[in-house]
Each structure stands twice: as C-alpha cells, then as structure tokens.
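Per-entry structural report
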Amino acid sequence: MESNKSKILIIGVTGRLGFELAKASLNSFHPTFGLVRDSAFSDPHKSQKLHTLSGAGLTLIKGSLQDEDILLEALKQVDIVICAVSSKQVPEQKLLISAIKRAGCIKRFLPSEFGADPDRTQVSDLDHYFYSRKSEIRRIIEAEGIPHTYVCCNFFTSVLLPSLVQPGLKAPPRDEVSIFGDGTAKGVFVKENDVAAFAINTVDDARTLNKVIYLRPKGNVYSMNELVGIWEGKIGKTLKRIYITEDELLKKIRETSYPENMELVFIYSAFVKGDQTYFSIESSGGLEGTQLYPHITYTTISEFLDNLL
C-alpha cells in the first residue's frame, strides 16, 4: 500500500493544524516526515505531540526554515511538502521555496495558507499585511514554477465559533448577541481535522495541481443571523440582537491596538465584507473540496454547537 503513496514532509507538526495534517497523512498510509525545531523537544506540550506522532510512524527531522542545508537534505527524501507554520512565520517560507527549487524533486507544495483566499480579501488597509504576505508567497511559488496547491478553508471551528463570533467571550451567549453589519454575509467554518483530511486528499490528485481548493461544506456556510438562529433553536430561547454597523466596527478596529484588533478584522472581513463567499468558486477557476472528495465526512456547524450546550 505504501509504495505508491507520496512521501510527505510537514513543517509545523506541533501546531494545531500541523498535528492534524500529520495524523491525516499517516492515516492515509503516506510515509510522513516532520521538520521540527530543537526547541520543540523541551516544550512539554509540543514534545507530547511529537511522542504521539512518532509512535504513529512519523519520522522526525531536526531543523528549521532558517537552515537551507537541512531543508535540502529533508526535501530529497520526499515528494510533497506541506507547510503549516503560523501566520507570523509565513515570510520564512521564502528560503523553503528556494530549497524546493534547488532540490528539483518536489511534486507538490502546499504553502501555509489554510484561511480565507489572500488574493480575494478586501481588508488590506486593516490587516497589518496578514493576507498580503501570503499572496507574496504565492507569487514567488508561481514565478519559480513550483507545482502547488493552495488550500483555503476559511475559518477553523476553534476560531470565533466557540463564542458564536462574540469577541471577548469564551462560550456562546445566552441573553444578548452582537451581530456585525446587517448579519447577512456568510462565513465558513471547518474543523482542523477535516481541513487536514481534505488537504491530504489533494496531494496525489492531478485535478488539484496548480489550483486553489476552497472548502465550503454544506452545513458549514452561514451568516451571523443564521448562526444565531441555529443557537437559539438549540437553547430554546430568543436572544436580544444588537446590530453593530460597519462604521462602528471599523471605529472599534482602529481604536483597538494590534494584534488585539485582528479578531475584529477577521469578523469584518468575513461577516461584513463577505470575503469568504462573495465570489463563485467555479468562475474563480478554483475547485471545491467537498465536491472533489464526497467520501470525506466532516463535522457540521450544528454538530459543533451541540458540544457547547
């Protein structure tokens, strides 16, 4: 089974998504490698994850995105590279791209994206280069002619959904709820392990070569009005809705210091500007993950909210 499966190198296996990507890769019988910084072994939380993954068959390679020689050695052992580093580390992929180019053996690169499509967001004056850094990495990949797949899953369910998109809350409200804009722009939430399953399915799929894969699963694409309606149905109670206008939200974003205001920027992007859903995937030239891989079962928003009751 393993011989015809691509060998996958994952960078960032101790992060939330990277850990799920490594598990999904191993579960799909891909020989899987993780590039891990030395410091991870002395962090109890990270070393526990590494222990779990190596027990499941992950091959650990010590190194970092700053070390091109180690990167080259690691790349020569694999066919596919998936990067799942944090947004702060996105620019550090430049050396990795140069190493991929030099290695010459990589069949596919999935850079660290896994959010809204950075080329389609409309918040560049507010986001402190969060999206433009990702777009810059895309342009370098394309200029170097590196085979790639970009995975745009929009929001993870662990972000914003546990509070029902209420900044500062840890659990969904039970009395009153703030709704941003007119509450009709739709956002998308996907659980990290589901994102990982879709991503791993793309690596050996000729249809996804040099394409953007969007995740808009049925049951996971809702406006704020709809989200509140689902939650009200679960708790059997009508919440008082307080509508925050676009201008009010923008004022709050500008008055809140960075990075504390980024949560508000993401809310503005998805639920006021509609950045995750305003365009048609078909006309964009992209592909939708659940249509490509109908066999993957995923957690819906309603199922996720059941766990918060």
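Source: prediction; values computed, not measured.

Here is what the cut-offs are and how they apply
- Residues numbered from 1 in each chain as written.
- Predicted model: local features only at pLDDT ≥ 70, side-chain atom pairs only at ≥ 80, totals over all residues.
- Heavy atoms only, no water.
- Buried < 20%, exposed > 50% of the residue type's maximum accessible area, 1.4 Å probe, protein only.
- Helix = DSSP H or I, 4+ residues; strand = E, 2+ residues; numbered from the N terminus.
- Phe/Tyr/Trp six-rings, centres within 6.5 Å; stacked < 30°, edge-to-face > 60°.
- Pairing = 2+ DSSP bridges.
- Contact = heavy atoms within 4.5 Å.
- Axes fitted to C-alpha atoms, helices over the stretch in contact; angles between N-to-C directions.
- Right-handed = clockwise from strand over helix to strand, strands pointing away.
- Parallel < 35°, antiparallel > 145°, perpendicular 65-115°, else oblique.
- Left-handed = near helix turned anticlockwise from the far one by under 90°.
- Nonpolar A, V, L, I, M, F, W, Y, C, P; charged D, E, K, R; others polar.
- UniProt positions renumbered as here; feature names shortened; annotations may be inferred.

The element helix α6 (residues 192-202) is extensively covered by neighbouring structure, given that 8 of its 11 residues are classed as buried. Residues of α6 that are buried include every one of E192, D194, V195, A196, F198, A199, I200 and T202, and no others.

Under the defined criterion, the tally for this structure stands at 8 aromatic pairs. Between F130 and F266, the ring centres sit 5.0 Å apart and the planes meet at 70 degrees, which makes this aromatic pair edge-to-face. Taken together, the residues F130 in helix α5 (residues 130-143) and F266 in helix α9 (residues 262-272) connect sequence positions 136 residues apart. Since its relative accessible area comes to 15%, F130 is described here as buried.

Attention shifts here to the environment of Q89. Take Q89: it is sitting in the loop between β4 (80-83) and α4 (93-103). The exposure class of Q89 is buried, given its relative accessible area of 15%. For Q89 and D69, which are 20 residues apart along the polypeptide, the C-alpha to C-alpha distance reads 19 Å.

With that out of the way, let us pick up the sheet that holds strand β11 (residues 221-223). Spatial ordering of the open sheet is given by β7-β9-β11, a layout of 3 strands whose pairing is mixed. Looking at strand neighbours, the two that pair on one side only are β7 (155-156) and β11, the edges of this open sheet. As judged from the 3 bridges shared by strand β9 (residues 186-190) and β11, these two strands associate in the antiparallel manner. The residue bridging V188 from the neighbouring strand is V221, located in β11. The sheet strands contacting α9 are β7, β9 and β11, and the helix crosses β9 at an angle near 115 degrees.

Another point: the pairing of strand β2 (residues 32-36). Counting buried residues along β2, 5 of its 5 residues qualify, which places the element largely inside the surrounding structure. Alternating residues of β2 divide into T32, G34 and V36 and F33 and L35, and every residue in both groups is buried. Judged from the 4 bridges that link them, strand β1 (residues 8-11) and β2 form a sheet pairing that is parallel. Residue I10 lies in a different strand from β2, and its bridge partner there is G34. Once you follow β1 into helix α1 (residues 16-27) and on to β2, the crossover reads as right-handed. Bridging between β2 and strand β3 (residues 59-62) involves 4 bridges; their strand directions are parallel. Note on β3: the bridge partner recorded for V36 is K62. After leaving β2, the chain enters helix α2 (residues 44-55) and then returns to the sheet as β3, a path that is right-handed.

We now examine the packing of helix α3 (residues 68-75) against α4. Contact pair α3 / α4: the axes reach a minimum separation of 9 Å and the direction vectors enclose 50 degrees. Classified by the angle their axes make, α3 and α4 are oblique. Considering the relative orientation of α3 and α4, their crossing is right-handed. Contact residues: E68, L71, L72 and L75 in α3; L95, L96, S98, A99, I100, R102 and A103 in α4. Tallied by class, the residues present in the contact of α3 with α4 amount to 8 nonpolar, 1 polar and 2 charged.

Turning to the UniProt feature "domain: NmrA-like" (unreviewed entry) in the protein chain, a few remarks are in order. As annotated in UniProt, the feature "domain: NmrA-like" (unreviewed entry) corresponds to residues 5-305 in the numbering used here. In the segment residues 5-305, helix accounts for 38% and strand for 17%; the C-alpha atoms at its two ends are 36 Å apart.

Now for unusual backbone geometry. Y258 connects to P259 through a cis peptide bond whose omega is 5 degrees. Here H128, not a glycine, exhibits a phi torsion of approximately 55 degrees, which is positive. With relative accessibility at 35%, the residue H128 sits in the partly exposed group. With phi around 60 degrees, L164 is a residue other than glycine that occupies positive phi space. For L164, a relative accessible area of 1% corresponds to the buried category.

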